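Residue strings, one per chain:
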Amino acid sequence: MKSLSVSAYAKINLTLDVLGKRADGYHDLCMVMQSVSLADTVTITQTDGTGLSLRCGAAFLPSADKNIATIAANAFAAHTGVSLDGLQIQLQKRIPVCAGTAGGSSDGAAVLRGLNEWFQTGLSLPALAKIGESVGSDVPYCVLGGTALAQGRGERLTPLAPLPDCCIVLCKPGFSISTPELFRKLDESRLRYRPDNAGICRALEQGSLQDVCRRMFNVFEQVLPASRKLEIEEIKGFMLECGALGACMTGTGPTVFGVFTNEADAQRACDSLRATRPDTYLTTNIR
Ligand code: C5P
């Protein structure tokens, strides 16, 4: 095999609850995650060179040794004993960076899945997800994908009934939010509202997109700086005006997503939002 390509799907949080800070500095979470069709492509190639090399068109990504794709590859090699000598990993980025859509984590997960296939190591998805725990909190979920409840740091995963098929518009405003800083703000706040995770799991089981959308909720929206919150609310409001069944911020933001049953409505929302916010995408759920 000369070259192997794997899709690395973005994720959204249908819900996100933070239960408390742990002794190790991380937080216990409870969240429903969903894969969407916006994806990077991770390509593994054998070269004549030595060592592992990383190629990526985007200049603003972390350098090779700090990139999550390299970290994932090294974790895979440490676990399986394979040699990465002469391998090249190429990232074709489409998922916006620092957006709450697991752009980095999904690349890391795709590297784990890709290397498992490349070396025919035969590890199960849960075994790959376990390796992913040391790479990043969202990596285990990204290895599994689909619709899942994630608990603990994000590594305790329960597959859920799939989200009914729909269109999902992603819109990333032109600012970024520091994840550790938002967690810190949350530690200092008393949360007034929390998502109904049991309710959204039931709604998924019943296959009711409407009931799922009614329960989409992200606790981080309560601790956003005022001006940022205003813009998030504006995008959510616009998506609802366009016919979205629900709209919410994903992860620690700033990307907002809206769930639509009608593709023409979704396309209209996407086109209008893209005029002022270029990182806007029309996607679908991935099962
Ligand atoms: O694991 P990862 O590097 O993706 O996490 C980024 C940052 O997000 C951590 O350094 C931590 O500040 C915060 N985090 C957390 N609890 C989690 C996941 C992430 O506090 N469960």
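For the structure, see preceding data.
Small disclaimer: the values here were computed from a predicted structure and weren't measured.

## Section: the overall build of the chain
- Counting secondary structure elements, the chain contains nine helices and eleven strands.
- Computed over the C-alpha atoms, the radius of gyration of the chain is 19 Å, within 12% of the 19 Å expected from 2.2 N^0.38 for a compact globule of 287 residues.
- Considering the chain as a whole, with its 287 residues, one finds that 53% of them fall into the buried category.
- The long-range fraction of contacts in the chain, counting pairs at least 24 apart against all pairs at least 6 apart in sequence, stands at 74%.
- Carbon and sulfur atoms provide 49% of the accessible area of the chain, an area that totals close to 12700 Å².
- Looking at charge distribution, the chain has the averaged site of its 28 positive side-chain charges lying 3 Å from that of its 28 negative ones.

## Focus: the layout of surface pockets
- Within this model, the largest pocket holds a volume of roughly 1100 Å³.
- Listed by contribution, the elements that provide at least two residues to the lining of the largest pocket are β1 (3-21), β2 (27-46), α1 (68-80), α2 (103-118) and α5 (179-187).
- In terms of residue count, α5 provides more of the lining of the largest pocket than any other element does, five residues in total.
- Here the residues of the lining of the largest pocket sort into 19 nonpolar, 15 polar and nine charged.
- The computed volume of the second largest pocket comes to approximately 180 Å³.
- Considering the residues around the second largest pocket, the lining is formed by 14 residues, among which Met216, Phe217, Glu221, Lys236 and Ala247 are closest to the centre.

## Remarks on the pairing of strand β5 (residues 147-152)
- Most of β5 is tucked away, with five of its six residues classed as buried.
- Of the strand pairs in this sheet, β2 and β5 are connected by six bridges, and their pairing is antiparallel. By the bridge assignment for β5, Val32 is matched with Leu149.
- The sheet contact formed by β5 and strand β6 (residues 156-159) spans four bridges and is antiparallel. Within β6, the position partnered with Ala148 by the bridge is Pro159.
- Joining the antiparallel neighbours β5 and β6 is a turn of three residues, in which Gly154 adopts a positive phi near 130°.

## Section: helix α6 (residues 197-206)
- Looking at α6, one finds that the buried residues are Asn197, Gly199, Ile200, Cys201, Ala203 and Leu204.
- In this structure, the buried residues of α6 make contact with β1, β2, β5 and α7 (209-214).
- Phi turns positive, to about 70°, at Gly207, one or two residues after α6.

## Some thoughts on the side chain of Thr43
- Topologically, Thr43 is positioned in strand β2.
- At a separation of 2.9 Å, a polar atom in the side chain of Thr43 contacts the side chain of Ser5.
- Setting aside anything within four residues of it in sequence, one finds Thr43 in contact with Ser3, Leu4, Ser5, Gln88, Ile89 and Gln90.

## Structural notes on the side chain of Arg153
- Relative to the assigned elements, Arg153 resides in the loop between β5 and β6.
- Among buried Asp, Glu, Lys and Arg side chains, Arg153 stands out as unpaired, with Glu155 the closest opposite charge at 5.6 Å.
- Polar side-chain contacts of Arg153 include one of 3.0 Å to the side chain of Ser137.
- Residue contacts for Arg153: discarding those within four places in its chain leaves Arg22, Tyr26, His27, Asp28, Leu29, Glu133, Gly136 and Ser137.

About the criteria used
- Residues numbered from 1 in each chain as written.
- Predicted model: local features only at pLDDT ≥ 70, side-chain atom pairs only at ≥ 80, totals over all residues.
- Heavy atoms only, no water.
- Helix = DSSP H or I, 4+ residues; strand = E, 2+ residues; numbered from the N terminus.
- Rg over C-alpha atoms; globule rule 2.2 N^0.38 Å.
- Buried < 20%, exposed > 50% of the residue type's maximum accessible area, 1.4 Å probe, protein only.
- Contact = heavy atoms within 4.5 Å.
- Areas by Shrake-Rupley, 256 points an atom, 1.4 Å probe, with all protein chains shown as cover.
- Lys, Arg positive; Asp, Glu negative; His and termini not counted.
- Charge placed at Lys NZ, Arg CZ, Asp CG, Glu CD.
- 1 Å grid on protein atoms, 1.4 Å probe; cavity = no way out; pocket = protein on both sides within 12 Å on 5 of 7 lines; lining within 4 Å.
- Points joined across faces, edges and corners; volume = space filled by probe spheres on them.
- Nonpolar A, V, L, I, M, F, W, Y, C, P; charged D, E, K, R; others polar.
- Pairing = 2+ DSSP bridges.
- Polar contact = N/O pair within 3.5 Å; in protein donor to acceptor, adjacent residues only side chain to side chain.
- Salt bridge = Lys/Arg side-chain N within 4 Å of Asp/Glu carboxyl O.

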